[in-house]
Amino acid sequence: MADKITLGYTHLSGCTGCTVALADNYAGLLTLLDKYVDLKYMPTLADARHIQKVDVSFVEGSVCINDKLAVQEIKETREKSAIVVALGGCACYGNITRFSRGGQQNQPAHEAYLPIGDLIKVDVFIPGCAPTPQMIRNVAVMAYLLLKGTKEQKDLATAFLTPLMKLTEKNEACFCELMTQVINQGLCMGCGTCAAACPVNAITMEYGKPQGERDLCIKCGACYSQCPRSFFSFDVVENYEAINEAIMAALQ
Ligand code: SF4
Ligand code: SF4
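In this report, we go over the structure that sits alongside the text. (Residues numbered from 1 in each chain as written. Chains lettered and ligands numbered in written order. Predicted model: local features only at pLDDT ≥ 70, side-chain atom pairs only at ≥ 80, totals over all residues. Heavy atoms only, no water.)

1. Things to note about the environment of Thr 77
We count it as follows: Helix and strand definitions here come from DSSP, where helices need a minimum of 4 consecutive H or I residues and strands a minimum of 2 consecutive E residues; each element is numbered from the N-terminal end. Contacts between residues were defined by any pair of non-hydrogen atoms, one from each residue, lying within 4.5 Å. Nitrogen and oxygen atoms within 3.5 Å of one another constitute a polar contact, given that in protein one can donate a hydrogen and the other can accept it, and given that sequence-neighbouring residues count only through two side-chain atoms.
Topologically, Thr 77 is positioned in helix 3 (residues 68-80). Measuring from C-alpha to C-alpha, the distance between Thr 77 and Ile 120 comes to 9.2 Å, with 43 residues separating the pair along the chain. Contact partners of Thr 77, with chain neighbours within four places excluded, come to Thr 10, Ile 51, Ser 57, Val 59 and Val 84. At a separation of 2.7 Å, a polar atom in the side chain of Thr 77 contacts the main-chain carbonyl oxygen of Glu 73.

Written as structure tokens, this is what we have:
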């Protein structure tokens, strides 16, 4: 279909959990593929052997900078994609690969891993380990509306995507961010969303405020990105119903 957007999926040092999260849209994924997205490249699902020129690339995983092929793949992804989306905590922030130190067979020299934003310019972050299926779906629909929609739809898509674009300004994450950017700023309202979002239960609520267990934190960035007092966007809140209606209408 000519008016679909083209999508690539570059899989670097990730666990395929982000791929599973995309697939967990169930029928919604089929609707996306049927109406909006022409999948050009995705090693797990399609047989294309080389990175393709596309409108949007999702990138899963961080980059092992001791692996020439991985470095080449992320650079080629940037060159061939109009929009690059870092999908999941590893691509956005390094996540568990921040703890890699090398020394393991059969590639003991594979010791250093970086989030993709340290090597290329990234346009949109979808944090989370794993990111939610709904968020992946919403970004895909909004990317379609941004590139192919009416003026009104483009405005909605811009309102939705801008906070996720602003997230790309920083490639590091851990519980400390909640301390420095929310709690220390007097912004925390004790809602507990951060504790609910943490995939490893590193956050407990003590006397109504979040307490982080540093040794449990895997540096995924979910807590900060889910916190309603972190990068609160009035544009998204003011357009919430219209954005939601646009997504739901698109998935009919
Ligand atoms: S999600 Fe944000 S506002 Fe809510 S308890 Fe955690 S730090 Fe505080
Ligand atoms: S505290 Fe939990 S949610 Fe926050 S960065 Fe660490 S692992 Fe992720």
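2. As for the site of ligand 2
Where we set the bar: Being near a molecule or strand, for a residue, comes down to having at least one heavy atom within 4 Å of it. Residues are grouped as follows: nonpolar covers Ala, Val, Leu, Ile, Met, Phe, Trp, Tyr, Cys and Pro; charged covers Asp, Glu, Lys and Arg; every other residue, Gly included, is treated as polar.
As a structural note, the neighbourhood of ligand 2 is formed by 13 residues, with Cys 198, Cys 217, Ile 218, Cys 220 and Cys 223 the closest of them. Split by residue class, the shell around ligand 2 holds 11 nonpolar, one polar and one charged.

3. Overview of the site of ligand 1
In the vicinity of ligand 1, 14 residues are found, and the nearest of them are Cys 188, Cys 191, Gly 192, Cys 194 and Cys 227. Sorting the residues of the shell around ligand 1 by element identifies helix 7 (176-183) and helix 8 (193-197) as the ones contributing at least two each. Classifying every residue of the shell around ligand 1 gives 10 nonpolar, three polar and one charged.

4. Topic: the side chain of Glu 73
To be explicit about the condition: Between buried and exposed lies partly exposed: a residue is buried under 20% and exposed over 50% of the maximum accessible area for its type, with that area taken using a 1.4 Å probe on protein chains only. Charge assignment in this entry is limited to Lys and Arg as positive and Asp and Glu as negative, and neither His nor the chain termini are counted. What counts as a salt bridge is simple: a side-chain nitrogen of Lys or Arg found within 4 Å of a carboxyl oxygen of Asp or Glu.
Structurally, Glu 73 can be placed in helix 3. Within the buried set, Glu 73 has no salt-bridge partner at all; the shortest N-O distance to an opposite charge, 10 Å, is to Lys 80. Look past the residues within four positions of Glu 73 in its chain and what remains in contact with it is Leu 12, Tyr 41 and Ile 51.

5. A closer look at the pairing of strand 1 (residues 5-11)
Using the following cut-off: Being paired, for any two strands, means DSSP has found at least two bridges between them.
Most of strand 1 is tucked away, with seven of its seven residues classed as buried. Residues Ile 5, Leu 7, Tyr 9 and His 11 of strand 1 are buried on one face, and the alternating residues Thr 6, Gly 8 and Thr 10, pointing to the opposite face, are buried as well. The sheet contact formed by strand 1 and strand 2 (residues 37-41) spans four bridges and is parallel. Its bridge partner being in strand 2, Thr 6 is matched across the sheet by Asp 38.

6. Focus: the pattern of salt bridges
Tallied over the entire structure, the rule returns eight salt bridges. Taking the shortest distance from any N to any O, the salt bridge between Lys 40 and Asp 38 comes out at 3.7 Å. Its relative accessible area of 34% is what places Lys 40 among the partly exposed residues. For Asp 38, a relative accessible area of 28% corresponds to the partly exposed category. We note a salt bridge from Lys 121 to Asp 123, for which the minimum N-O separation is 3.2 Å. On the accessibility criterion, Lys 121 (56% relative accessible area) is exposed.

7. As for the environment of Gly 212
If you trace the backbone, Gly 212 turns up in strand 9 (residues 209-212). Classification of Gly 212 as partly exposed rests on a relative accessible area of 22%. Here the alpha-carbon distance between Gly 212 and Phe 231, two residues 19 residues apart in the chain, equals 20 Å. Residue contacts for Gly 212: discarding those within four places in its chain leaves Phe 175 and Ala 202.

8. Quick word on helix 3
The criterion, for reference: Helix span is expected to be 1.5 Å times the residue number reduced by one. To obtain the arc, one takes the directions from the helix axis to the C-beta atoms.
With 13 residues, helix 3 extends 18 Å from end C-alpha to end C-alpha; this agrees with the ideal 18 Å at 1.5 Å per step. Within helix 3, burial applies to Ala 70, Val 71, Glu 73, Ile 74, Thr 77 and Arg 78. Buried residues of helix 3 fall within an arc of 160° about the axis and therefore sit on the same side. For helix 3, the exposed residues lying more than 90 degrees away from the buried face are Lys 68, Leu 69 and Glu 79. In the core, the buried residues of helix 3 are packed alongside strand 1, strand 2, strand 3 (54-60), strand 4 (63-64) and strand 5 (81-87). For helix 3, the capping residue at the N-terminal end is Asp 67, with a side-chain oxygen 3.1 Å from the backbone nitrogen of Leu 69.

No statement about biological role is implied by the geometric values presented.
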